[in-house]
Amino acid sequence: MADEQRDVIEILSEDHREVEAMFTELETLMQTRSGSDDELRKDLADQITIELVRHAVAEEVAVYPEVKRRVREEEAERAKREHAEAEKTMKALEKLDSDDPSFEAEMRKLMGEIREHVAEEEGEMFPHMREIMTQDELVELGKRVEAIKAMAPTRPHPGVPNDPGKRLAVGPVAGLFDRLRDMATGRGTPEQ
C-alpha cells in the first residue's frame, strides 16, 4: 500500500542526512590533518560525490520537472542552477588528491553549496510539494527517484545539460561506464 512506502520527500531527506553525516566525518578528518588519513579523506570525498551525483540526477530527471510544472518554476530552476555549481565543484575535487593544498578548500566549498541547497529544498520546495501533491503522487515520485538513482552516474558530468531529457538519455550509459571505472579503480567500495 502507498501509505507503507516512503514518499519522495522522505527519500530525498534521508539522502540529505546521509551526506551530512559524511560531511561531518570528513570535517573531523580535515581538522586532524594527519597524513595517515589522506586515503580515508579521499575515499570519503569519493563516496560523497557518488551519493550527490546519484541524488542530483534523480532530482533533475524526476522531481524538478514536477516542481516546475506543478509547484513553482523558479524553485526548480534555482535548484538546477545549484546542482550545476556543485557539479563543477565535484569535478574539480575529483582531480585532487586529499593531500593537495586545494582539496580542503574545494571540499568546504562543496559542503557550503550542498548545505545551502538542502536548506532551500527542505525549507521551501518540500513543504510546497506537500501542499500541492497528494501522498500517492509523492510515493509514486519516490519510486521513480529510487529507480533513477539505481542507474544514475556516479561521477560528475558537468558537460551534460541539467535537462531531464538529456540526463535521462545519458544517465544509464554514463552510469554504466562510471560503475565500470569505479570497479576497476576500487572507488566507492569499502576497504576490505
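Here goes a summary of the coordinates provided.

## Concerning the packing of helix H4 (residues 103–132) against helix H5 (residues 135–151)
Axis separation between H4 and H5 bottoms out at 8 Å; the angle between their running directions is 125 degrees. As far as their axial angle goes, H5 and H4 are oblique. Along the contact surface, H4 presents Met 129, Arg 130 and Ile 132, while H5 presents Gln 135, Glu 137, Leu 138 and Leu 141.

## Digging into empty space enclosed by the protein
Summed over the entire model, instances satisfying the criterion amount to 4 cavities of 30 Å³ or more. One number sums up the size of the largest cavity: a volume of about 170 Å³. Lining the largest cavity are 19 residues, and of these Leu 52, Ala 56, His 83, Met 90 and Ile 114 lie nearest its centre. For the lining of the largest cavity, the secondary structure elements donating two or more residues are helix H1 (8–32), helix H2 (38–71), helix H3 (73–94) and H4. Looking at the lining of the largest cavity element by element, the count peaks at 7 residues for H2. For the lining of the largest cavity, the residue count by class is 9 nonpolar, 4 polar and 6 charged.

## With respect to the environment of Ile 50
For Ile 50, the position within the fold is in helix H2. Residue classification places Ile 50 among the buried positions, given a relative accessible area of 8%. Sequence separation between Ile 50 and Pro 156 is 106 residues, and the spatial gap between their C-alpha atoms is 8.3 Å.

## Here we look at the pattern of salt bridges
In total, this model carries 24 salt bridges according to the counting rule given. Between Glu 122 and Arg 17 there is a salt bridge, and its shortest N-O distance comes to 3.0 Å. Of the two residues, Glu 122 sits in helix H4 while Arg 17 sits in helix H1, which places them 105 residues apart along the sequence. A residue is classified by how much of its surface remains accessible, and Arg 17, at 44% relative accessible area, is partly exposed. Across the pair Arg 72 and Glu 75 runs a salt bridge, and its minimum N-O distance is 3.3 Å. Connected through salt bridges with shared partners, the residues Arg 6, Glu 14, Asp 15, Glu 146 and Lys 149 form a single ionic network.

## Regarding H2
Its 34 residues give H2 an end-to-end C-alpha distance of only 44 Å, which falls more than 12% under 50 Å, the value for a rise of 1.5 Å per residue. The largest bend in H2 amounts to roughly 45 degrees and is located at Glu 60.

## Looking at the nonpolar core
Formed by 44 residues in total, the largest nonpolar core has its most connected members in Val 8, Ile 48, Val 63, Met 107, Leu 110, Met 129 and Val 145. Dropping the residues within four chain positions of it, Val 145 is found in contact with Val 8, Ile 11, Leu 12, Ala 58, Ala 62 and Val 63.

Rules and cut-offs
Residues numbered from 1 in each chain as written. Predicted model: local features only at pLDDT ≥ 70, side-chain atom pairs only at ≥ 80, totals over all residues. Heavy atoms only, no water. Axes fitted to C-alpha atoms, helices over the stretch in contact; angles between N-to-C directions. Helix = DSSP H or I, 4+ residues; strand = E, 2+ residues; numbered from the N terminus. Parallel < 35°, antiparallel > 145°, perpendicular 65-115°, else oblique. Contact = heavy atoms within 4.5 Å. 1 Å grid on protein atoms, 1.4 Å probe; cavity = no way out; pocket = protein on both sides within 12 Å on 5 of 7 lines; lining within 4 Å. Points joined across faces, edges and corners; volume = space filled by probe spheres on them. Nonpolar A, V, L, I, M, F, W, Y, C, P; charged D, E, K, R; others polar. Buried < 20%, exposed > 50% of the residue type's maximum accessible area, 1.4 Å probe, protein only. Salt bridge = Lys/Arg side-chain N within 4 Å of Asp/Glu carboxyl O. Expected span 1.5 Å × (residues − 1). Bend = angle between axes of the 7 residues up to and from the residue. Core = buried A, V, L, I, M, F, W, Y, C linked by side-chain atoms within 4.5 Å.

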